[in-house]
Amino acid sequence: MELITKAPKGTVDIVPGKSEKWQVVEDVFRSEAELNGFGEVRTPVFEHTELFQRGVGDTTDVVEKQMYTFEDKGGRSITLRPEGTAGAVRAMLENGLYNAGYPVKLYYLTSCYRYEKPQAGRLRELHQFGVEMFGAAEPVADAQIIAMALSAFKRLGLEDVGLQLNSIGCPECRKEYHKALKEYFTARKEQLCDTCLSRLERNPMRILDCKSPECQEVCKGAPKITDYLCEDCKAHFAKVQEFLTALGIEFEIDPGLVRGLDYYTRTVFEFPSKSLGFALGGGGRSLGQDHLGKGLGGVTDHMNIHAVQTHAHGAAQTGGAEGQLVKKAGFDLLVIALDGCQLCLLGGREGRAVQPCMISIKIGHIVGPPINKIRWDMLLWTLYHRQA
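Reading the values: the criteria
- Residues numbered from 1 in each chain as written.
- Predicted model: local features only at pLDDT ≥ 70, side-chain atom pairs only at ≥ 80, totals over all residues.
- Heavy atoms only, no water.
- Helix = DSSP H or I, 4+ residues; strand = E, 2+ residues; numbered from the N terminus.
- Expected span 1.5 Å × (residues − 1).
- Buried < 20%, exposed > 50% of the residue type's maximum accessible area, 1.4 Å probe, protein only.
- Contact = heavy atoms within 4.5 Å.
- Salt bridge = Lys/Arg side-chain N within 4 Å of Asp/Glu carboxyl O.
- Pairing = 2+ DSSP bridges.
- Axes fitted to C-alpha atoms, helices over the stretch in contact; angles between N-to-C directions.

**Structural notes on helix H7 (residues 171-186)**
A rise of 1.5 Å per residue sets the reference length of H7, with its 16 residues, at 22 Å; its end C-alpha atoms lie 22 Å apart and thus fit the reference within 8%. Along H7, the residues classified as buried are Cys173, Arg174, Tyr177, Ala180, Leu181, Tyr184 and Phe185.

**A short note on the side chain of His236**
Mapped onto the secondary structure, His236 falls in helix H10 (residues 231-246). If sequence neighbours within four positions are ignored, His236 has contacts with Ala137, Glu138, Pro139, Asp142, Arg266, Thr267 and Arg285.

**Some details on the pattern of salt bridges**
Note that side chains of opposite charge can pair when their charged atoms are close. Taken as a whole and judged by the stated rule, the model has 13 salt bridges. Between Glu47 and Arg90 there is a salt bridge, and its shortest N-O distance comes to 2.8 Å. Taken together, the residues span a long stretch of sequence, with Glu47 in strand S2 (residues 46-48) and Arg90 in helix H5 (residues 85-94) at a distance of 43 residues. Here Glu172 ties to Lys175 by a salt bridge, and the two come within 3.4 Å at their closest N and O atoms. Of this pair, Glu172 and Lys175 both sit in helix H7, three residues apart, which is roughly one turn of the helix. Among the charged side chains, a salt-bridge network with shared partners connects Glu47, Arg90 and Glu94.

**Observations regarding the sheet that holds strand S4 (residues 77-80)**
The strand order across the open sheet built from three strands is S2-S4-S3, with neighbouring strands paired in antiparallel fashion. Edge positions in the open sheet fall to S2 and strand S3 (69-71), since each of these has one partner strand only. Direction aside, the axes of adjacent strands within the sheet are offset by 35° on average.

In structure tokens, the structure reads:
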């Protein structure tokens, strides 16, 4: 009886009282993506196993240890998606979205499945927001994706989210780096776990991403990729930093940051939360398209919705999160249109002062947090006359 009345390990139910808070976070990410010109893509929950083996990388933890893979009744190997990028790339190529011109800008809100030990910020069914920009080789694309994510965090009141940045180079400059890593780790083979020993010849960079405490200790003295970057990769990384600085975005260079998937190249980044002690998301420049047969530069970014929602709810208790501000105010009436795509909620019940709260909109379609007893007729009238 317990098996049919208890959710499987590593999964959670999102029930009323919680689901509204999730909707706030999802709507903020969705509106940020749409304001930046991204369109939504929805892909199947399962794909052919080969897609992830080739796109994600057969030496990664995801492929080696975490995928839910099974054989269907037709004898085909099928895998529940462990991440969103590979399916988005496949959908872009299969549906010829590139025919409309580059860059192709997609976003998704999706569930992913990884068999790993459940812990803070990690579940076996994880909910992910992701963006993909295909066919954008310029470093300004890296900066745009990063700035978009930080804007969403700010709207949610998450003030302690930082930015860690690194470049892992291109396939050419990584050749010399791989040689240096092999030499370093071979001299310390007895200190590596069995999984890392198997990676030593195939892909030594994956050792840097190992979660074993013993391997992490060994990695502290490993060569740094930033000492092996070619001139083009150095220039690209310098430009990314230049754009971020121009936007007023603070960052920390972390030479040990490599990310856990093989489709990354050049820029990689993460958004660590100081109060939670782990990253809320991350991404980087993607080579996933090359693995699937198309040489298209791109940038990808993934957010852990469960961790973001939990953190945003905590921030809301001190007056931070956008959706909670709206809910607490109990608005009866609104609204002043600031421009064609944003509104500012200014009024509240009983004349109480309320911090202005930005929500994003598109004509005929409202994207934003739930608002109590809102005067939709006045909202639509305001929008209509603002656009006229």
